[in-house]
Amino acid sequence: MNRLLLLISAAVLQGTPLLYGTVGEILSEKSGNLNLGVEGMMYMGGAFGLGAAFYYEQMAGSNASGIVAVLLALLCSFLAGAFGALLFSFLTITLRANQNVTGLALAIFGTGVGQFVGEYMREQQGTYVAISNGLKGVFQNSPFPAALQELPVVGPLVFGYNIFVYLGILIAVVMALFLNRSRSGLHLRAVGESPATADAAGINVIRYKYLATIIGGGISAIGGMVYIMTIAGSVWNHEGLAGEGWLAVALVIFCLWRPMNAVWGSVLFGALMILYVRLQVPFIPDQLYKILPYVVTVIVLIFTSLRNSKNKQPPASLGEPYFREER
């Protein structure tokens, strides 16, 4: 039982960065924009989020507030990802560049920017860049009282996670309600399905595409910050995020473009990612364990395509530029 609880807890923590990346990309793709630059935005979010908390502590010293550090890390990582998504939006929506090529370019650009910022901070400090143990506790420990965390079974499963786990679930719930229960969410889904029809109905297609892609990019970038500040121990590692963004893109397909599916899907992917550590089989190489999330995604995609169900397909205009004059 203890091993199972430890596996579930580790899967939740490992999957939390994926949850942010997936939910952010779902919002972008619901508008019809296929942003493959999630990896780059998460790198930028990780570097700028850590930098915000690190330099805030350097300035405030022993008076540094954990809440302020968390808020600054969230804000700076979001803005970094939103900036990357803004570049993507300008190129693909305004200039109508190919979304696949632009997304791949953003992945390379964002990874380079994130690594440059992280290594620049390390060179400036002359040593590794990390925050103090006191601030690490705010990022990594549960916000609930110890009495709740120590409850049998329920404590570690429900109350034993850091604040970003609960924030990620809240974002997924809010996004699901927004997409399915609000007029603006209906308009956004209409833009993703048929921008020409939405435009004819008086919906501002360009505004919805820009806002969804930029906000989605910011949410995805928060996932990079969460990875660096929790899983990576609040220490910059230029290779620590490798592959997280691509897993998030795969998870979008696995979750069938539904934010609530991303909650349990991220836990499943988190478990698959750490399975080689928790459940080792001597004759199975670690590399085979690490490709399991992608294999599962391919299997789900095949079954989804065979069933050909409308509600299990991506937005109809996904990846296609919109030319209003051809309406």
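Rules used in this analysis
Residues numbered from 1 in each chain as written. Predicted model: local features only at pLDDT ≥ 70, side-chain atom pairs only at ≥ 80, totals over all residues. Heavy atoms only, no water. Helix = DSSP H or I, 4+ residues; strand = E, 2+ residues; numbered from the N terminus. Buried < 20%, exposed > 50% of the residue type's maximum accessible area, 1.4 Å probe, protein only. Salt bridge = Lys/Arg side-chain N within 4 Å of Asp/Glu carboxyl O. 1 Å grid on protein atoms, 1.4 Å probe; cavity = no way out; pocket = protein on both sides within 12 Å on 5 of 7 lines; lining within 4 Å. Points joined across faces, edges and corners; volume = space filled by probe spheres on them. Nonpolar A, V, L, I, M, F, W, Y, C, P; charged D, E, K, R; others polar. Contact = heavy atoms within 4.5 Å. Core = buried A, V, L, I, M, F, W, Y, C linked by side-chain atoms within 4.5 Å. Expected span 1.5 Å × (residues − 1). Phe/Tyr/Trp six-rings, centres within 6.5 Å; stacked < 30°, edge-to-face > 60°.

J.: Is there a simple way to explain unusual backbone geometry in this structure?
T.: Negative phi values dominate among residues other than glycine, just as trans dominates among peptide bonds. Its identity as a non-glycine residue notwithstanding, V153 has a phi of 60 degrees, on the positive side. Topologically, V153 is positioned in the loop between α6 (146-149) and α7 (154-159). Phi angles above zero are rare outside glycine, and S234 is one such case at about 60 degrees. What makes S234 buried here is its relative accessible area of 0%.

J.: Explain the pattern of salt bridges here, please?
T.: Pairing between side chains of opposite charge can happen when their charged atoms approach one another. Counted under the stated rule, the structure contains 2 salt bridges. Here E119 and R122 are joined by a salt bridge, their closest N and O atoms 2.7 Å apart. With E119 and R122 both in helix α4 (residues 99-125) and 3 residues apart, the pair spans about one turn of that helix. Given the relative accessible area of 32%, R122 is considered partly exposed. The partner of R122 in a salt bridge is E123, with the nearest N and O atoms 3.3 Å apart. With relative accessibility at 53%, the residue E123 sits in the exposed group. A cluster of three or more residues bridged by salt bridges with shared partners is formed by E119, R122 and E123.

J.: Mind showing me how you'd approach empty space enclosed by the protein here?
T.: The rolling of a water-molecule-sized probe over the atoms marks out the regions of remaining empty space. Throughout the structure, instances matching the rule amount to 1 cavity of 30 Å³ or more. In this model, the largest cavity occupies a volume close to 60 Å³. Looking at the largest cavity, the residues that line it are N33, T92, I93, Q99, I206, K209, E320, P321 and Y322. Mapped onto the lining of the largest cavity, the elements with two or more residues apiece are α3 (66-94) and α11 (205-231). When grouped by side-chain class, the residues that make up the lining of the largest cavity number 4 nonpolar, 3 polar and 2 charged.

J.: Is there a simple way to explain the side chain of S234 in this structure?
T.: Tracing the backbone shows S234 in the loop between α11 and α12 (244-254). The residues contacting S234, other than those within four sequence positions of it, are L50, V129, A130, I131, K136, Q140, I228 and M229.

J.: Got a minute to help me understand the nonpolar core in this structure?
T.: Nonpolar side chains tend to gather and get buried jointly when the protein is soluble and globular. Counting residues in each nonpolar core, the largest one holds 65 residues, and the members touching the most others are L50, I131, F139, F164, M225, I228 and M229. Tallying contributions element by element places α11 first for this core, with 10 residues. Those residues within four positions of F139 in sequence are excluded, and the remaining contacts are A53, A69, V70, A73, I131, N162, F164, M225, M229 and T230.

J.: Teacher, can you tell me more about α3 here?
T.: What sets the pattern is the α-helix's 3.6 residues per turn: residues three or four places apart point alike. Here α3 contains 29 residues, and its C-alpha end-to-end distance of 40 Å stays within 8% of the 42 Å for a straight helix at 1.5 Å per residue. Once α3 finishes, R96 follows within two positions and takes phi at roughly 60 degrees, a positive value.

J.: What's the story with the packing of aromatic side chains in this structure? I'm lost.
T.: Geometrically, a pair of aromatic rings is defined through the distance of the ring centres and the angle of the planes. Enumeration over the complete set of coordinates arrives at 8 aromatic pairs. Relative to Y120, the ring of F116 lies with its centre 6.1 Å away and its plane at 20 degrees, an arrangement referred to as stacked. Separated by 4 residues within a single helix, F116 and Y120 lie in helix α4, roughly one turn from each other. Ring geometry for F254 versus F269: centroids 5.2 Å apart, planes at 55 degrees, classification tilted. One end of the pair, F254, is in helix α12; the other, F269, is in helix α13 (residues 259-278), with 15 residues separating them in the sequence. For F254, a relative accessible area of 9% corresponds to the buried category. Judged by relative accessible area, F269 falls into the buried class, the value being 0%. Taken together through their ring pairs, the aromatic side chains of F144, F159, Y161 and Y166 make up a single cluster.

In short, geometric facts, not functional conclusions.
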